[in-house]
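Here is how the chains run, residue by residue.
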Amino acid sequence: MGLKEQQNCLSQRKIIVFIVLAFIPLALFRLCFTNPFSAIDDTSLQESAAHVVITSYSSSSSSQEEETQESYDRVKEENLCDYTQGKWVRDEIGPLYNGSTCGTIKDGQNCYRHGRPDSGYLYWKWKPNQCDIPRFDANRFLDLMKDKHLAFIGDSMARNQLESLICLLSTVSSPDLVYRNGEDNKFRRWRFESHNVTVSVYWSPFLVAGLEKSGNLDHNVLHLDRVDERWGNDLERIDTVVISVGHWFLHPAVYYESGSVLGCHSCEARNCTEIGFYEVFRKAIRTTLKAVVGGRREVILTTFSPSHFEGRPWDSLGACNMTEPYEGRVLEGLDLDMRQIEMEEFTAAKAAAGEMRLEALDVTAMSVLRPDGHPGPYMYPFPFKNGVPERVHNDCLHWCLPGPVDTWNEIMIEMLRRWKV
């Protein structure tokens, strides 16, 4: 390379160095006095932050509280489902027990062992319009009732529901009958040692104090201002109460309040005022709810259970001989009126109770659709073994076991579950 070329190359290098040195201050100035992230505006940051979930692992209780709240919110949403509105649909699975596997079924409700020839009534389940009722889970029920005393209080419909529950629970745990008193097993108590659960039944067809008609007494006597002490005396040892009455109020009776005669029902031959039974039924429900609602006690009011004699005499051939559910039948007459009284008193008691645990097991509308679920003539064993008689006794009031009453307990377990959340 010549001397002249070397001088030109050196001059070019000096120029490049000068240019670089000139741009360094400008770059430093821009870095110090401007925001290098100004292309991301504040609005975008705020919108992004709104979708960020910050999870803290510093305390396990925070996670548990979030899970509990999520479970609570889910159950609150489930409460919106109205299980009273729906229809009976075919269920190919069938019941969890039968007339041979459960030994606590009252003889008159064991339709299978008494020779009822059809079995279709066993293969239906209640399908609410907006939700599903889970199949009864006996282990789950016992877990919910662990270390507690559950008592059914009322008439033979309370006993019907109780015996259904005992049969359902017996599929996973054998109960011990620890107490029995009264004719026809009217007072009984079982223990499920596996979970320390006690289940009792108290015969009290009026809930309030009274005398039942007998050989020397052709009418009932009710004292509407105080509860039946046969269960009232044990109330403080009961954690969950299920109340179910109704049909005994239709019988002739004389009513007392504050020690004086209030009136009577079907009492033409007696010197007192006929007042019917509807308002008396209301007073009895009100007195009972005032007594049982309180503290941590859970209270469930099972609504009126309809019969299906359909206007026929109870000993007529063909009474309640249906083999499938009704469709679209609505409540009316006695069934409607008795349920309405119960729901009105429940609503008033619920408002007064505040946070107390009180619910209505509203089964009237769904049960009126099941004329096929009663024993009918099979309240006695093999009623037609000697031919078809002209007259035959029918039970169109109680429910076969297994049968539609099992659904009541499927709904009841959901009530208990929601209380535990």
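Everything numeric here is computed off the predicted structure, so don't read it as measured data.

Caption draft 1: Inspection of the pattern of salt bridges at higher detail. Evaluated as defined, the whole model comprises 24 salt bridges. Here Arg90 and Glu324 are joined by a salt bridge, their closest N and O atoms 3.8 Å apart. Note that Arg90 is positioned in strand E1 (residues 86-90) and Glu324 in the loop between strand E12 (298-302) and helix H8 (333-353), a separation of 234 residues in sequence. The class for Glu324 is partly exposed, based on a relative accessible area of 43%. For Asp228, the salt bridge is made with Arg230, and the minimal N-O distance between the two is 2.9 Å. Among the charged side chains, a salt-bridge network with shared partners connects Glu279, Arg282, Arg286, Glu344 and Glu345.

Caption draft 2: Representation of the sheet that holds strand E7 (residues 208-211). With mixed pairing, 4 strands are arranged side by side in an open sheet as E7-E8-E10-E11. Since the sheet does not close on itself, it has two edges, and those belong to E7 and strand E11 (260-265), each with one partner. Mean inter-strand twist for the sheet, computed between neighbouring axes without regard to direction, equals 25°. Bridge analysis of strand E10 (residues 253-257) against E11 gives 5 bridges, and the strand direction is antiparallel. Pairing of Tyr255 across the sheet is with Gly263, part of E11. Where helix H7 (residues 278-292) meets the sheet, it contacts E7, strand E8 (220-227), E10 and E11, and its direction lies at approximately 40° from that of E8.

Caption draft 3: Just the packing of aromatic side chains, in detail. Applying the stated criterion across every chain, the model contains 9 aromatic pairs. When the ring of Trp203 is compared with that of Trp248, the centres are 5.7 Å apart and the planes differ by 80°; the resulting orientation is edge-to-face. With Trp203 in strand E6 (residues 197-203) and Trp248 in the loop between strand E9 (240-244) and E10, this residue pair connects regions lying 45 residues apart in the sequence. An identical accessibility class is assigned to Trp203 and Trp248; each is buried. When the centroid spacing of 6.0 Å and the interplanar angle of 85° are considered together, the rings of Phe206 and Phe249 count as edge-to-face. Of this pair, Phe206 sits in the loop between E6 and E7 while Phe249 sits in the loop between E9 and E10, placing them 43 residues apart in sequence. Given the relative accessible area of 3%, Phe206 is considered buried. We note Arg189 situated over the ring of Tyr179; from NZ or CZ to the ring centre the distance is 5.6 Å. The ring of Trp88 carries Arg370 above its face, with NZ or CZ at 4.6 Å from the centroid.

Rules used throughout
- Residues numbered from 1 in each chain as written.
- Predicted model: local features only at pLDDT ≥ 70, side-chain atom pairs only at ≥ 80, totals over all residues.
- Heavy atoms only, no water.
- Salt bridge = Lys/Arg side-chain N within 4 Å of Asp/Glu carboxyl O.
- Helix = DSSP H or I, 4+ residues; strand = E, 2+ residues; numbered from the N terminus.
- Buried < 20%, exposed > 50% of the residue type's maximum accessible area, 1.4 Å probe, protein only.
- Pairing = 2+ DSSP bridges.
- Axes fitted to C-alpha atoms, helices over the stretch in contact; angles between N-to-C directions.
- Contact = heavy atoms within 4.5 Å.
- Phe/Tyr/Trp six-rings, centres within 6.5 Å; stacked < 30°, edge-to-face > 60°.
- Lys NZ or Arg CZ within 6 Å of the ring centre and 35° of its normal.

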